[in-house]
Amino acid sequence: MDDKHDGPITKDGIRLHTEADFEGMHRAGQVTARILDDIAEHVFPGQTTEELDHLITQMVEASGATSATIGYRGYQHASCISVNHVVCHGIPSNKVLKPGDILNIDVTVILDGWFGDSSRMYVAGELPRKAERLIQVTYDSLMLGIEAVRPGNTFGDIGHAIQSYVESQRMSVVRDFCGHGLGRVFHAPPNVLHYGRPGTGPRLEEGMFFTIEPMVNLGRPETKVLADDWTAVTRDKSLSAQFEHSIGVTASGFEIFTLSPAGKFHPTWR
């Protein structure tokens, strides 16, 4: 790592980045976003998550980036694909998608040393009404959390915006996983909780980079990790959904690095 580009670190251990760093994060974020756009046409009943991951691996290589997840803590895939009641970190396999299955695809690339991290929801075939509402609430909660991003606000403000909206819709926010700082590293301070009280936690400052990635369950919030040490599922087998953007704090608000170039961030946006 070339330290001459590294900005100061706050008392909470959060690195502050420069204007040039924003450009690097935007480029990496757009590579990830284009891959997530391009994979959409390959999600259909009869497809396997293993084949989706194979296609994503090819897309990462064709983009001139490298996968951040292949080899990360022994993980061997370019994506996590989480189907139905899988909350996150689903491992691609020969599992065949059935009509109405919903899935989250999470991709992180490294481009010129910068990490682009995003995930979004897809559906195999027609989107069931119950799942459609869950996906919409999850997406809306992400955007409400992002709208709370501005210098002077706190990370508790972000979590509160997400939690209060989700619970008003009679759904639950997963507590066991959170967003994270990133930049020229995959995971860094802070932990970005998707629940919390206004005015609590570290204060947001210009130059902070992090993900916001709420996981929302139709049932209760509790999860469990399966024997593979990766796959997290809802304990009550209820459906789960997740959306993730990588964010930078600007002087007046935020920049979303991982916006969909084709406007496909939501499965009903065709």
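As shown above, the structure is provided for reference.
Each value, and the rule that gives it
Residues numbered from 1 in each chain as written. Predicted model: local features only at pLDDT ≥ 70, side-chain atom pairs only at ≥ 80, totals over all residues. Heavy atoms only, no water. Helix = DSSP H or I, 4+ residues; strand = E, 2+ residues; numbered from the N terminus. Rg over C-alpha atoms; globule rule 2.2 N^0.38 Å. Contact = heavy atoms within 4.5 Å. Areas by Shrake-Rupley, 256 points an atom, 1.4 Å probe, with all protein chains shown as cover. Lys, Arg positive; Asp, Glu negative; His and termini not counted. Charge placed at Lys NZ, Arg CZ, Asp CG, Glu CD. Pairing = 2+ DSSP bridges. Axes fitted to C-alpha atoms, helices over the stretch in contact; angles between N-to-C directions. Core = buried A, V, L, I, M, F, W, Y, C linked by side-chain atoms within 4.5 Å. Buried < 20%, exposed > 50% of the residue type's maximum accessible area, 1.4 Å probe, protein only. Salt bridge = Lys/Arg side-chain N within 4 Å of Asp/Glu carboxyl O.

It is worth spelling out the overall build of the protein at this point. A tally of helices and strands in the protein yields four helices and 15 strands. The C-alpha atoms of the protein give a radius of gyration of 17 Å, which matches the 18 Å a tight globule of 270 residues would have. For the protein, the spread of C-alpha atoms along the three principal axes comes to 50 × 45 × 35 Å. A sequence separation of at least 24 residues applies to 71% of the contacts in the protein between residues at least 6 apart. Of the accessible surface of the protein, which amounts to about 11500 Å², a share of 51% is contributed by carbon and sulfur atoms. Considering the protein, the positive charge centre built from 24 side chains and the negative charge centre built from 34 side chains are found 8 Å apart.

Right, let's talk about the sheet that holds strand β6 (residues 172-173) for a bit. Strand pairing in a sheet takes place through backbone hydrogen bonds and is either antiparallel or parallel in direction. Strand order in the open sheet formed by three strands is β6-β10-β13, with antiparallel pairing between adjacent strands. Edge positions in the open sheet fall to β6 and β13 (240-242), since each of these has one partner strand only. By the bridge criterion, two bridges tie β6 to strand β10 (residues 215-217) in an arrangement that is antiparallel. Bridging from a neighbouring strand, Val173 pairs with Val216 of β10. Helix-sheet contacts for helix α3 (residues 129-147) involve β10 and β13, and the interaxial angle to β13 is about 35°.

So, about the nonpolar core. Core analysis: the largest hydrophobic core is formed by 35 residues, its most contacted members being Ile102, Phe155, Ile158, Met208, Phe210 and Ile212. When residues of this core are traced back to their parent elements, those giving at least two are β5 (114-123), α3, α4 (155-168), β9 (209-212) and β14 (245-249). A per-element tally of this core places α3 first, with eight residues. Contacts of Phe155, omitting those with residues within four sequence positions, involve Ile14, Pro190, Val192, Thr200, Pro202, Leu204, Met208 and Phe210. Val31, Leu52, Leu55 and Met59 belong to the second-largest nonpolar core, a separate cluster that totals 32 residues.

Applying the stated rule across the entire model yields five salt bridges. Here Asp37 and Arg120 are joined by a salt bridge, their closest N and O atoms 2.6 Å apart. With Asp37 in helix α1 (residues 19-39) and Arg120 in strand β5, the pair connects residues that are 83 residues apart, well separated along the chain. With relative accessibility at 0%, the residue Arg120 sits in the buried group. Notably, a salt bridge pairs Glu167 with Arg175, separated by 3.6 Å at the nearest N-O pair. Residue class for Arg175 comes out partly exposed when judged on its relative accessible area of 33%.

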